[in-house]
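Structural overview for review
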Amino acid sequence: MNHSLNLTRRLACMLAAGLAIGLAAPVPSQAATKIQHLISPGGIEAWFVQDATVPLIAMEYAFTGGAAQDPHDKPGVGNLVSDLLDEGSGDLDSKTFHERLDRRAIELSFSVTRDYFRGSLRMLRDNKDEAFDLLRTALTSPHFDSVDVERIRSQVISGLKRDTVNPNALAGRKFLELAYGDHPYGRQATGTLESVPTVTVADMKDYVRRVLAKDTLKIAVVGDIDPASLGKLLDQTFGGLPAKADLVPVPDVVATKPPQRAFIPLDVPQTVITFGGPGVMRHDPKFMAAYVVNHVLGGGGLSSRLYHEVREKRGLAYSVYDALLWMDHSALFIGNTGTRADRAGETMDAIDKEIRRMAEDGPTQQELDEAKSYLKGSQMLALDTSSKLASGLLQYQLDKLPIDYIEKRNAIVDAVTLDEAKEAAKRLWSQGLVTVIVGRAPQAAAQPAAAVQAPAPKAN
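The rules behind these values
- Residues numbered from 1 in each chain as written.
- Predicted model: local features only at pLDDT ≥ 70, side-chain atom pairs only at ≥ 80, totals over all residues.
- Heavy atoms only, no water.
- Buried < 20%, exposed > 50% of the residue type's maximum accessible area, 1.4 Å probe, protein only.
- Helix = DSSP H or I, 4+ residues; strand = E, 2+ residues; numbered from the N terminus.
- Pairing = 2+ DSSP bridges.
- Phe/Tyr/Trp six-rings, centres within 6.5 Å; stacked < 30°, edge-to-face > 60°.
- Axes fitted to C-alpha atoms, helices over the stretch in contact; angles between N-to-C directions.

Points about the pairing of strand S5 (residues 116-124)
Of all 9 residues in S5, 8 are buried; the element is thus mostly enclosed. With 9 bridges joining them, strand S3 (residues 56-64) and S5 adopt antiparallel strand pairing. Of the residues in S5, the one forming a bridge with Phe-63 is Phe-117. Bridge count between strand S4 (residues 107-112) and S5: 6 bridges; the pairing is antiparallel. Its bridge partner lying in S5, Val-112 is registered against Phe-117. Linking two consecutive strands that pair antiparallel, namely S4 and S5, is a turn of 3 residues.

Below you can see the structure in the form of structure tokens.
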């Protein structure tokens, strides 16, 4: 199944960002049955798959916090921290730190999502000691040297300026504003052109102190290492972190009730349409029914109803899709497509009509059976490298799923009934849509009278 990457990463995937392919080792199909719950001598826990197929090790880990822990008036602090942790630490400056990574072919990266500060480490088995030690220094003694801070800050600001004329970025940002208002989920994880210049080194050090702590740490490791050696490395790497995080509570929130529509004028060749509404939380007993029926509607690529209606029957768009997104404190369904400005109204009508039809009638038994078959068959393909498996095992932990979930998952998919799928469709889509349209001004004529027109972006 496509694991939730939380809102930031999934929106980035859907709204035009690329995916980085990391160092990956193939894992045996039976690896799912060998997941160990490892506890290091120092008490650090990890889900671990020992696999000697190739001499590689992949580790994924996360601390609770993420962009939701940014100060209210300074969105983007966590994102800057994620960009700067590998820019010099311990007794190594930025240049030397990266030379050490490159010399040993060590892949180390950090990212921030709405709910989590995440990290990834991949290495050859023989370089594991140096790789874990570089990670240790990055987490426990980052430099935040002024020259590095200003270089990274300028890169982030350049990206934010590009976003002011990027229709996908504008649509995603406006959608979250409509969905969540002043809640932390409604703010930009990367920050704003106003906030990023004001972030200080003290802000970043305070974020590190509050968020990077052992009590919220989740770890998944896949690769060619024995449990005793891994336990020792985990203690050396994470043992020096604070015992407890100091997090600001984030309230649960339900996305704004549809229907709502906003239009952002932008002179671009293709109009972008982002649509969605409240979703289903991962721990909801009816989650899998919603997941399966969403595959029928828009998550199944070329086989989905939206693709058939919008692309195949009417030729309105090259692609159209939607996905369920779940976070710790809310959930969404969100979709995206692009079309000619003069056909945006027709495209939105086709999407609206198909979503209403699904809400009223649900899927057919054949559609349900085909969706189940696909989702069951794609499970191991989604976890067929050490990197993918480590990411999957980490996400299962963040979703509070049991360690044997991989073994149980296909039976859970199979158990979804047609009545449950119809009920989930009605729950998800009967209220209509929150829609954001970004494109040339003639599209405004296609909007209903009640449409909200957002101000044109400033290209500053």
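Anyway, onward from the coordinates.
Structural notes on the packing of aromatic side chains
Across all of its chains, the model carries 10 aromatic pairs by this definition. Seen in terms of ring centroids, Phe-287 and Trp-326 are 4.9 Å apart; in terms of plane orientation they differ by 75 degrees. Their pairing is edge-to-face. Placement of Phe-287 in helix H9 (residues 287-299) and of Trp-326 in strand S9 (residues 320-326) is noted, with a sequence separation of 39 residues between them. Overall, the relative accessible area of 1% leaves Phe-287 in the buried class. Look at Phe-333 and Trp-429: their rings are 6.1 Å apart centre to centre, the planes differ by 85 degrees, and that puts the pair in the edge-to-face class. Taken together, the residues Phe-333 in strand S10 (residues 331-340) and Trp-429 in helix H15 (residues 418-429) connect sequence positions 96 residues apart.

Section: the sheet that holds S5
The strand order across the open sheet built from 6 strands is S1-S2-S6-S3-S5-S4, with neighbouring strands paired in mixed fashion. This sheet does not close on itself; its edge strands, each paired only once, are strand S1 (36-39) and S4. With strand direction ignored, the average angle separating the axes of adjacent strands in the sheet is 20 degrees. Examined bridge by bridge, S3 and strand S6 (residues 218-223) share 6 bridges and lie antiparallel to one another. Within S6, the position partnered with Ala-58 by the bridge is Val-222.

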